[in-house]
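If you want the building blocks of each chain, they are given just below.
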Amino acid sequence: MKIGIIGAGNIGGNLTRRLTALGHDVSVANSRGPQTLTALAEETGATPVPVEQAAKGAEVVVITIPVKAVPDLPKGLLDDAAEGVAVIDTGNYYPQQRDGRIAGIEDEGLTESAWTAREIGHPVVKVFNGTYAQDLLDRHRPAGDPDRLAVPVAGDDEAAKAKVRALVDELGFDTVDAGGLADSWRQEPDTPVYGLRAGVEAVTEALAAASPQRKPEYRG
């Protein structure tokens, strides 16, 4: 499958490593330009590209950048993506620590991923936002392994969600359907499931235990 990854930090870099190892055709981009991705490309076989070209022909696009950088993504980013492209959002909103205050989240009550979807003009599927980057390399397990970790997956586009869940399964993790983007607050920072290393049952329980009220340190 052709996959575009925007963001080459800890999550983006390790997804590039795993997805190329699984045989996918991966293009990777960051804000500093493809010339800064030479080492990652040599290590993995991924193709470094400008952000504007990251989604070209892609069946899946992963956006794994700071939330504050989402409005800076090129307009028409997905225009040349494959029909039915699924967009993965791994982002988290840290208003005091990094991102500043975002009115759409604070004043309109949008979840982080619903805001991102509106900004890019395309549905997104929220996954891996609470996953430790190193776990992508070290903690993947085959289906049925008792130590296999599960991750929540939220999204409104059922076809895109199914495509993403299949890809997560291929990466070596179980998934729990966390509902639509309006419900994705259940997996945002400082919720019980955020950073949880556990299986399907515990992840399901953690999602159900979440509170919609963000603590002051997570508000802008």
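To be clear, the structure that these remarks concern was listed above.
Asks: Describe in detail the pairing of strand 2 (residues 25-29), supporting the description with residues and values.
Replies: Burial analysis of strand 2 places 4 of its 5 residues in the buried class, the great majority of the element. For the handedness criterion, the β-α-β arrangement of strand 1 (residues 2-6), helix 1 (residues 10-21) and strand 2 is classed as right-handed. In terms of strand pairing, strand 2 meets strand 3 (residues 47-48) through 2 bridges, oriented parallel. From the neighbouring strand, Ser27 faces strand 3, where its bridge partner is Thr47.

Asks: Please set out helix 5 (residues 112-120) residue by residue, giving values where relevant.
Replies: Restricting attention to buried positions, one finds in helix 5 the residues Glu112, Ser113, Ala114, Trp115, Thr116 and Ala117. Residues of helix 5 that are buried sit in contact with strand 5 (86-89), helix 4 (103-106) and strand 6 (125-126). Positive phi appears at Gly121, one or two residues downstream of helix 5, with a value of about 70 degrees.

Asks: Got a sec to walk through unusual backbone geometry? Specific residues and values, please.
Replies: Unlike most non-glycine residues, Phe128 shows phi in positive territory, near 65 degrees. Position of Phe128 relative to the elements: it lies in the loop between strand 6 and helix 6 (133-138). Although it is not a glycine, Asp190 sits at a positive phi angle of roughly 70 degrees. Residue position: Asp190 is located in the loop between strand 8 (174-177) and helix 8 (200-208). Look at Asp190 and you get partly exposed, because its relative accessible area is 36%.

Asks: A description of the sheet that holds strand 5 should follow, citing residues and the corresponding values.
Replies: Spatially, the 8 strands line up as an open sheet ordered 3-2-1-4-5-6-7-8, and their pairing is mixed. The sheet terminates laterally at strand 3 and strand 8, the two strands that pair on one side only. For strand 4 (residues 60-63) and strand 5, the ladder comprises 4 bridges, and the chain directions are parallel. Following the sheet pairing, Val60 is matched in strand 5 by Ala86. Strand contacts of helix 1: strand 1, strand 2 and strand 4, with the helix running at about 165 degrees to strand 1, the strand carrying the most contacts. Contacts between helix 8 and the sheet are confined to strand 7 (150-155) and strand 8, with strand 8 contributing the most and set at about 30 degrees to the helix.

Asks: Break down the packing of aromatic side chains for me, with residues and values.
Replies: Tallied over the full model, the rule gives 1 aromatic pair. Arranged with centres 6.0 Å apart and planes meeting at 80 degrees, the rings of Phe128 and Phe173 form a pair that is edge-to-face. Separated by 45 residues along the polypeptide, Phe128 in the loop between strand 6 and helix 6 and Phe173 in the loop between helix 7 (158-171) and strand 8 bring together distant segments of the chain. Each of the two residues, Phe128 as well as Phe173, counts as buried. Arg197 extends its terminal NZ or CZ atom over the ring of Tyr132, reaching a point 4.1 Å from the ring centre.

Asks: Account for the pattern of salt bridges, with residues named and values stated.
Replies: Following the criterion strictly, the structure yields 14 salt bridges and no others. Between Arg101 and Asp107 there is a salt bridge, with the nearest N and O atoms lying 2.5 Å from each other. Residue class for Asp107 comes out exposed when judged on its relative accessible area of 52%. As a salt-bridge pair, Glu158 and Lys161 come within 3.8 Å of each other at their nearest N and O atoms. On the criterion of helical spacing, the pair formed by Glu158 and Lys161 is a turn pair, its members being 3 residues apart in helix 7. Classification of Glu158 as exposed rests on a relative accessible area of 51%. Lys161 gets classed as buried once you look at its relative accessible area, which sits at 2%. Where salt bridges share partners, they join Glu158, Lys161, Arg165 and Asp177 into one cluster.

Definitions and limits used
Residues numbered from 1 in each chain as written. Predicted model: local features only at pLDDT ≥ 70, side-chain atom pairs only at ≥ 80, totals over all residues. Heavy atoms only, no water. Buried < 20%, exposed > 50% of the residue type's maximum accessible area, 1.4 Å probe, protein only. Helix = DSSP H or I, 4+ residues; strand = E, 2+ residues; numbered from the N terminus. Right-handed = clockwise from strand over helix to strand, strands pointing away. Pairing = 2+ DSSP bridges. Contact = heavy atoms within 4.5 Å. Axes fitted to C-alpha atoms, helices over the stretch in contact; angles between N-to-C directions. Phe/Tyr/Trp six-rings, centres within 6.5 Å; stacked < 30°, edge-to-face > 60°. Lys NZ or Arg CZ within 6 Å of the ring centre and 35° of its normal. Salt bridge = Lys/Arg side-chain N within 4 Å of Asp/Glu carboxyl O.

Nothing here speaks to function; it is geometry throughout.
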